[in-house]
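Take a look at the letters that make up each chain.
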Amino acid sequence: MTPAILPMHHLEPGVLAAYASGALGEGPSLLVASHLTFCPDCRAAVTDLDRVGGTLLDELGPDALNGDALDKLLARLDEPGTIPTPRQEPAPPGEGGSELAALPAPIRSYLSLIDQDGTLPWKMLAPGVRQIRLMPRGADGANARLFKLAPHTSLPDHGHEGCEWTLVLTGSFTDAGQRFARGDVAHADRDTIHAPVTGAEDCICLIITDAPLRYTGLLGRLIQPVTDL
Amino acid sequence: MNLEPGPNATTIGGGLGANHGALIIRIAQRRDRTAFIVLFQPYGSRVKSYLRRWGAADAMSEDLAREALLPIWRKANRFDPAKAGASSWIFTIARNLWIDPLRKERRPELDPTDPLLVPDDPEDAEDADNAQEIEQRDGLLRTALGTLPAKQAEVVRLACDRLRGIIGDHPS
């Protein structure tokens, strides 16, 4: 087994804290859970944060349950299903080498609702750019999509109304002189204007945005109404 | 077995009870109802309190708190004292439970059995494979938190600072 390559670009501590506390929305939580699959360091940090959560729980002022709560619970202990059951299996990873097999389980669990045969239902957005929408746009405007970018594809310069997190799942891209590969997270906010370029292979990314992007270049302004980026 | 003394008997330094992990293991191994009853009072009341802080109405927090206690019985075999103390484990159950009904969202979770999981560094794993050490770290954390103002936001901010030290500043 070749040693795993560890991510170089991590999530900000505040995002991990929001994830551990339960305050983070579904789309960003999907990105965090997927990054944790590849990143032992951030996993250890979330374990520490769960410990903080447990300590805070200990120190909350108790709010007594009703007098009959214990009896209600005890009556349910012997219900069917109370025997420990094996944990629910994740969506099957599909055939080895398929695109689906390269995606971490939290993402597979969204795709299994769409298609289970290992081929993914990409929709073309622009030449060299395909996407799959993973969940409806959230109440907070958040959007979670997979992007597949062809080799040596450059995305038009664009800025953001809100935040954008990108997690690399296969392949790589460079942006402003930095390289992002499997497990790496790139974060852009409203002050960031960037133009990532993919490497020599297809690059599949999970992209979470919390507001529509705004393109700065002419090409971007032309395609934005079409792509709903 | 003595029933849990009242909540006032707990101290900040000692936490709710260092032996609660052992009770969860008794439930897993022997289906020990007495152990469950001991855990019911301190955790039920605190999970309810926690859920109310996230905006659950009284009746809902009562129902959800009961639901949050059932996994202590049903999933006790998944409790791993080398990974988490009793409070941390119950916290994660309660946290995941309220998101569904209160926010109408899923909470994507890491799958520890994912074939793609990049394993922990074996040296780190050796360190962590020691329930006693976990309890000691819980105790240290508790003591540290006990010296802070009891405002949750403050605690989370400090936890973030601590994390920054663990992860380091990365150019992401």
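For the structure, check the block above.
Residues numbered from 1 in each chain as written. Chains lettered and ligands numbered in written order. Predicted model: local features only at pLDDT ≥ 70, side-chain atom pairs only at ≥ 80, totals over all residues. Heavy atoms only, no water.

Asker: Residue-level account of the overall build of chain B, with values.
Answerer: Scanning chain B from N- to C-terminus turns up 7 helices and 0 strands. When the helices and strands of chain B are placed in sequence order, the string is α-α-α-α-α-α-α. Out of the 172 residues in chain B, the part that is buried amounts to 41%. By sequence separation, contacts in chain B at least 24 residues apart represent 60% of the contacts at least 6 residues apart. When the accessible surface of chain B is split by element, carbon and sulfur atoms take 52% of a total near 9,000 Å². (Helix = DSSP H or I, 4+ residues; strand = E, 2+ residues; numbered from the N terminus. Buried < 20%, exposed > 50% of the residue type's maximum accessible area, 1.4 Å probe, protein only. Contact = heavy atoms within 4.5 Å. Areas by Shrake-Rupley, 256 points an atom, 1.4 Å probe, with all protein chains shown as cover.)

Asker: Quick one: what's the story with the environment of Phe91(B), residue by residue and with numbers?
Answerer: Looking at where Phe91(B) falls in the secondary structure, it is placed in helix H4 (residues 86-103). Sequence separation between Phe91(B) and Val47(B) is 44 residues; the distance between their C-alpha atoms is 7.7 Å.

Asker: Hey, could you go over the pattern of salt bridges for me, with residue numbers and the actual values?
Answerer: For the coordinates displayed, the defined rule picks out 16 salt bridges over all chains. Of the charged contacts in the structure, one is a salt bridge between Arg43(A) and Asp120(B), with a shortest N-O distance of 2.7 Å. Remark: Asp120(B) occurs in the loop between H4 and helix H5 (122-128) and Arg43(A) occurs in helix H3 (residues 40-59); the pair is interchain, linking two chains. Its relative accessible area of 10% is what places Arg43(A) among the buried residues. The exposure class of Asp120(B) is partly exposed, given its relative accessible area of 40%. Here Lys148(A) and Glu99(A) are joined by a salt bridge, their closest N and O atoms 2.6 Å apart. Linking Lys148(A) in strand E3 (residues 143-149) with Glu99(A) in the loop between helix H4 (69-76) and helix H5 (105-111), this pair joins segments that are 49 residues apart in sequence. The class of Glu99(A) is partly exposed, set by a relative accessible area of 25%. Connected through salt bridges with shared partners, the residues Asp63(A), Lys48(B), Arg52(B), Asp58(B), Glu62(B), Asp63(B) and Arg66(B) form a single ionic network. (Salt bridge = Lys/Arg side-chain N within 4 Å of Asp/Glu carboxyl O.)

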